[in-house]
Amino acid sequence: MPTSAPFQKSCRTNYPIWLDGQEPSQNEGVVTRSVCAVNGVNECHWTSEIKVRNCGNNKMIYYLKSAPYSQARYCVDDSMNAICNSAKTLDESWRGSNKPGNLGHTDYGLVQGWYKFSQHAKRLANFPVPSNYCGSQYPLWMKGQHVDKGQCGERTLYSVYSDVNYTWRTGPIYECQCMNGDYIYYHVSTTPHSPSYKSTYCVEQDPCEEHDRFTGPTRSPWYNTVVNQGDNAKAPKWVKIDTGLGTMPTYHPELGSCGSTYPGWFDGEHPTEVGQMTEGQYCFVTSATATCSSPKDARVLKCQGGFNVYHVLPTANAAYGYCADDDVCDVASEEWGREESNRLRHTSITGYYSATRSADNTLAKQWYRITSGLQRLPTECVGYMSCGVLYPGWMNGAHPEPEDRIVERTVCFVQGAQDSCCASSQSIKVVSCERDEVKFYLYRLYPTATNKAYCIDQAGEDVCNIDNSNLGHITDVRHGTGHYNDGGFPNDYQNYKIPNWVQVNVHEQYFVHYPPVQYFCGGVYAGWVEDPQPGPDVGVTMSRACYRTSATSEECGNPMPLKMKNCGGRMRYLYAPATVANRKMCVEEDICSNYETFEDESWRLAFTRTQGTSYATDYLKMKVSQPLTKRGWFRFTGVGNNRITEVQQELASCGTQYPSWLNGEHPAAGEGVVKRTLSTTTSATAYTGWNKDIFVKNCGEFVIYNIDFGWSAQKWGICIDTDVCDADVTELDESHRLVNTWGKITSTDDRLLSRGWYRFANGFEKMPETCPIANSCGSTKPGYLSQPHPAINEGIVERKVCFGDADQCCVASRDILVKNCGTHFVYRLYPTTTGEKYCVEESATTMCTEEAYTELAEEWRGENYPYDSAVEHHDELTITGDWHRFTAHLGRMPEYSQSYQSCGLLYPGYLNSEHPTRLQGVVNSNVCYSTNLINEKVSCQEARVKNCGGYYLYQLYKSHSKSYGFCVAQDQCTDATRLDDRWRLITNPYVSGQSKAADNSLKKGWYRLAEGHGTMPDYEPDTKYGGQSYPSYVLGELPTPDEGEVKRTARFASIASNTREIRIKNCGEHYIYWLQPTASVSYVYSIDTDVCLHAYKLSEEWRNQFYISETEEDRHTDFNLGKDWYQFTTGFKMMAEAPPLEQYSCGTLHPAYINQAHPSVSDGVVPREVCYKEDEVDGIYQACYAVEDIRVKNCGEFYAYQLNPIVQDGAYCVYNRKTSCEPKVVHAKYGELAVINCTLNSEKDFDSDEVSWTKLNSVTLPDESLSNVAISDDSLLVNIADIADQNAGVYALYIPSTATSELVEVILYNAVEASQKYYTVEQGGDVEIEVEFNVVPAPSPTQISWKKLPNKNLNSAKYTLSDSKNMLAISGVSATETGTYRCSIEFTVDGVSFTKHSDVIVQLEEEEEEEAGQKI
């Protein structure tokens, strides 16, 4: 069957059926596959399933059902060669597509099937033809490209009704191209065929030989007189264009051209190779915007000789006509531009806007050739107000090459200085021409709107050729970047009224290209050039002049167009200033060589307290540096670091009353002039009481400043930076600041600390960099640096101090200053709020020395020690705040609540958290007390714990009273209490009123589960097992020995909300559990186990299903068995799976049997049903009149059953006979010995005569026809010697007395088995074909032969056989070596001769070399 969808209505049926899936391999046996029925375009409209088997040797067999639809039919696959050879020939010449005349023929009566044509091009015409052609009134043509060689496809068939209706009636047609080049077609007498409308197939005739012609100049796109070409009155036809360029234009012509009102053009690609046909559409221009109206299908064929023929269709009416392309370079060449020097891109006569020409709104619509400048339109944005017009136009796109013909382009008009390069546009046409070896461009231009005109491109070097006398010159030094705002300096728009090319003749002789500082360059809003300065080799660069809009914003304000050109290192600018006041362009100035120096003023040193009240001042420090100001550029020398300090200064320091400091960083050397803030301290807390703008420039080796010294008459002065490490700062050495000081004992804060610089003189003499635990440093909110200390070379840095409490490490914070002085750190600190204190780091092991703690060595502190009221134990004398170490038992406190009256105490205390790791150091915790059987976390007191490596230390409060004390953990792996109640086993059912199980009064503590697996179940058990209603199970995995004690949650069956926190420890050979009382008597801790270990044995012989009770006294009952797990030890140790046949079987009145199959070992415990057989009355009974729900587990050697008998006189039956044969499928090679081995287990006498063997669909054994088959004496073993074809099949064992049967299939391997069926190889490649021989004994090479079908010996040098002939190598494979190769073997088995073979197909990858038998 085909495995791909056949054509609709193929296989001689309306709905052909195919196999939707791959064919099975030979080893897969019988498989199920889907089949689909084709209905129209739906390849799988109906579906059903069949069975398939691969029998080898290219033989498939199918188990077929009725078709999925009444008119559907199963298909048989076929090869293309067979179809191509069987196709019928239609040889009528009148079928030609150029043959006129209605001869009255029709193809309606053709028999359904495959056909081919022998005339003309031997294939269907795939283009419309005129009516009354091809021998009939309504000729048929095919739409779509023809298929490739070796391929098939569905196409659409149309009938022609008239010359304007050529898609009248439609239907499908199937086309294939054979490997020999023939085309074949599948004919079906359905639409468009009809007995009423005579139609015939049209056969293609070569359009390159028979066609009409378009001639004359009237079809040219440049012919603008309407002459009515009459293309609406012509039938579909092929035409050759014998005018102009011989092609149809592929661009849209203008309305009213080509001699037609609505000219038509070809929208598609022309073919590039002879014989190639391309498709597209013919478009018609019906308005300036509708360039593709009334489209029609277009086909173009390239003919021998290089010309094209076009298949044209009748147009809509006489106003529509086809165009023939023509060379505009010969038609139109109007020169334009000789007197248009004011159009030039860069050097318009009077600057940006020419008064002599305002727009091209009166320009005539025609072709133009540009003869000035670079003789072309510019193809990049020209800049606002360029080319002597307000809105200049440039061409957005590359110029075409001559071979590109006429192309559409867009001219963009620039209508603003910012992001407006294409604010509006105009479509134009462009063509590249070449005449007399001169290349030029023609432009089809159109009138523009007001203030718009076309530009002419120009070389940038023209700017450098402008004479100095025609340049503007900038000569005022106040344009320099170091000159502050001068109110008397005229605005730029007043100095440079006419925009023209200018040159800078002051300072560094070029405009700055970065945002300068506001208020400099002699104005308020300093100006700069937006783009970088170009190099000398770069042409004219378009940019913008930008102006500051504020001191902070660097956006381009008031942008104006600007062009620049680097003329050998001297910059020239085409600059049009913004007509706004206080805008001045900046010129680069070297201010690092023009400043005033303040020398040796040592009173300015920072961090120096001013002595007395004789304050220095900087008021009016500079008086006449610039007119009308008290400012200028200055520097410091001979004092400190010769630069203003960036650190806040305290009131009355630096030799003045109000010290001033730089509130920000100094700029880097390359940053130029920057604006900063000079802040002044005006009180003890107001470090920025006054703020003033200061301008700073880093000159590399020194820094210069510019400020108005007249801003305040107060006693203020500028502080010069120095090293605070040399200053005399206050030392802090209080011990309560040390990080290990407990704030619960000593608690102070730094609210009264004065602002200033400090040094710590104890501990590690620096602040900690990690969060101290709460209540450290003798405070409730200890403070630490949340960032690392600075390195020596970092200088003074700002850092954050965080203050933490019990909940957060940074509940509050404060910024301070820090400097690394090499030997120590200095800190600028501030007063804190309540509870906050600056900490000092100290060693984490201070308290771990023996003299720092007290040992507590009492044995009675062990958690397993009982309370004795006659013996007084307590910790009331413990000194609060001291560190203690426990040395008894495990040397640490337990981390879980204790049982009331344990640890030798009435109220034992435990640690309510985990112990810290070595890295954690000291941690805060709580000691809590157990004051009754179930409560916990009561009467808690704060504590701290320290991990000292091999032991722990505890900083404790003294206990509440003599009833309270501290516990010590013990090793519970040896001391845990054993829980060995059998009722805890998860297999034990709970029987209400009988169980005494309860854990609600269990004492808290460690227990060892001493029954079953010794572990709590890790799965949810059933309710009413494990001794109570709700047995427990644990969430999470059991720990490894290395994990120590782990926390887990115990949950109870079906009650997710009721949980208990427990602990588990792996003691190596067993586990121990820390448990606490359950919620009520209904909740218990259960023990996991395997039901197979605890099932009670039932060994009564009368349970045998063949046992018949002869007397009433011999009838038994299981009704009194309690609900529990049981196993049978007689018979086959399993319950019978069917009702016994005889009355009183199994020694009871109502024998019980399992009504479903037994589980496998991997199934675990599964639910099943037990049926009770009703007592017989006259041989009539119900096989299942009562049902009992049970559970079963396969224990491997037996089954365990959870039983709960429900019938008074019933008992459980045991199965007593079981037959099995293994394996179920026997594979063998020819000549081997095949063995079928069966077993029959029975406790009764066994008679081998009961057993019969049959080879299905053949004979009953033994039989003379199968003399090589031998059956053993007990009839359970079958030996097949020298196995061969006659022995393959299914063998059946049958025992009538028990209706027992077994089936075994014997399968022969193929005598010759190829490793693969198909080999696909590249042309010239090599291939190796391997086979395997399944014959015993192995054949010799003389028994093996190879050939290429049908009968070719392999004598060529291209073929090489291995010594054992199991491999054939073929080198340099070509089409000659493709085909089918057969490996044959001759051998004998038991005197009978056999010849077997296997076929292999070799094929090439190339499509044209595919084997003739390729499937369609």
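Since the structure is predicted, the reported quantities are computational estimates derived from the model, not experimental observations. (Residues numbered from 1 in each chain as written. Predicted model: local features only at pLDDT ≥ 70, side-chain atom pairs only at ≥ 80, totals over all residues. Heavy atoms only, no water.)

Let's shift gears to the overall build of the protein chain. When you go through the protein chain residue by residue, the secondary structure sums to six helices and 84 strands. Expected size for 1416 residues packed as a compact globule is a radius of gyration near 35 Å; at 54 Å, the protein chain overshoots this value by more than 25%. Once the C-alpha set of the protein chain is aligned to its principal axes, its extents read approximately 140 × 135 × 65 Å. Counting the 1416 residues in the protein chain, one finds 49% classified as buried. (Helix = DSSP H or I, 4+ residues; strand = E, 2+ residues; numbered from the N terminus. Rg over C-alpha atoms; globule rule 2.2 N^0.38 Å. Buried < 20%, exposed > 50% of the residue type's maximum accessible area, 1.4 Å probe, protein only.)

Attention now moves to the sheet that holds strand E9 (residues 152-159). The six strands are arranged E6-E7-E11-E10-E9-E8 in an open sheet whose pairing can be described as mixed. Of all the strands in the sheet, just strand E6 (88-90) and strand E8 (140-143) have a single pairing partner and so form its edges. Direction aside, the axes of adjacent strands within the sheet are offset by 40° on average. (Pairing = 2+ DSSP bridges. Axes fitted to C-alpha atoms, helices over the stretch in contact; angles between N-to-C directions.)

In this section: the confidence of the model for the protein chain. Overall, the prediction assigns the protein chain a mean pLDDT of 88, with 95% of residues at 70 or greater. In this model residues 349-355 is a low-confidence stretch, pLDDT under 50, and it forms 28 contacts with partners more than four residues away in sequence or in other chains. Note that pLDDT drops below 50 for residues 1408-1416; the model gives that stretch 21 contacts with residues more than four away or on any other chain. (pLDDT = per-residue confidence, 0-100. Contact = heavy atoms within 4.5 Å.)

With that settled, consider the nonpolar core. With 50 residues, the main nonpolar core has Ile 1236, Trp 1253 and Ile 1370 as its most contacted residues. Ignoring any residue separated from it by four or fewer positions in sequence, one finds Ile 1370 in contact with Gly 1325, Asp 1326, Val 1327, Ile 1329, Lys 1358, Tyr 1359, Glu 1377, Tyr 1381 and Val 1402. (Core = buried A, V, L, I, M, F, W, Y, C linked by side-chain atoms within 4.5 Å.)

Inspection of every chain in the model, using the stated rule, returns 68 aromatic pairs. With 5.0 Å between their ring centres and 80° between their planes, Tyr 15 and Trp 46 make a pair best called edge-to-face. In this pair, Tyr 15 sits in strand E1 (residues 15-20) while Trp 46 sits in strand E3 (residues 42-54), placing the two residues 31 residues apart along the sequence. Neither Tyr 15 nor Trp 46 differs from the other in exposure class; each is buried. Here the aromatic residues Phe 598, Phe 634, Phe 636, Tyr 658, Trp 690, Tyr 705, Phe 709, Trp 711 and Trp 716 are joined through ring pairs into a cluster of three or more. The aromatic ring of Tyr 1144 is capped on one face by Arg 1115, whose charged end is 3.8 Å from the ring centroid. (Phe/Tyr/Trp six-rings, centres within 6.5 Å; stacked < 30°, edge-to-face > 60°. Lys NZ or Arg CZ within 6 Å of the ring centre and 35° of its normal.)

With that settled, the discussion passes to the pattern of salt bridges. In the structure shown here, the tally under the stated rule is 51 salt bridges. Here Glu 554 and Arg 548 are joined by a salt bridge, their closest N and O atoms 4.0 Å apart. The exposure class of Arg 548 is buried, given its relative accessible area of 5%. Glu 895 is the partner of Arg 1063 in a salt bridge, and the nearest nitrogen-oxygen pair spans 3.7 Å. Residue Arg 1063 is located in strand E58 (residues 1055-1066), and its partner Glu 895 is located in the loop between strand E48 (883-886) and strand E49 (907-911); the two are separated by 168 residues in the primary sequence. Here Arg 1063 and Glu 895 have matching classes, each one buried. Bridged by salt links that share partners, the residues Asp 325, Asp 327, Arg 405 and Arg 435 form one connected network. (Salt bridge = Lys/Arg side-chain N within 4 Å of Asp/Glu carboxyl O.)

Here we take up the sheet that holds E48. Strands sit in the order E47-E48-E52-E51-E50-E49-E53 across an open sheet of seven strands; the sheet is mixed. Only two strands of the sheet have a single partner each, and these edge strands are strand E47 (853-856) and strand E53 (964-966). Across this sheet, the average inter-strand angle for adjacent strands is 35°, counted without regard to direction. Bridge count between E47 and E48: four bridges; the pairing is parallel. Considered in E48, the bridge of Glu 855 is made with Arg 885.

Here we come to the side chain of Asn 126. Its place among the elements puts Asn 126 in the loop between strand E7 (113-117) and E8. Side-chain polar atoms of Asn 126 contact the backbone oxygen of Gly 144, separated by 3.2 Å. (Polar contact = N/O pair within 3.5 Å; in protein donor to acceptor, adjacent residues only side chain to side chain.)

Right, let's get into the pairing of strand E15 (residues 277-284). Sheet topology places strand E14 (residues 262-267) next to E15; four bridges connect them, and they run antiparallel. Looking at the pairing, Phe 266 lines up with Tyr 282 of E15. Judged from the seven bridges that link them, E15 and strand E16 (residues 293-302) form a sheet pairing that is antiparallel. Bridged to Phe 284 within E16 is Ser 293.

This next bit is on the environment of Arg 885. Position of Arg 885 among the secondary structure elements: in strand E48. In the structure, Arg 885 is positioned 180 residues away from Lys 1065 in sequence and 24 Å away in space, judged by C-alpha atoms. Not counting residues within four places of it along the chain, the set of residues in contact with Arg 885 comprises Tyr 853, Thr 854, Glu 855, Leu 856, Tyr 951, Tyr 952 and Leu 953.

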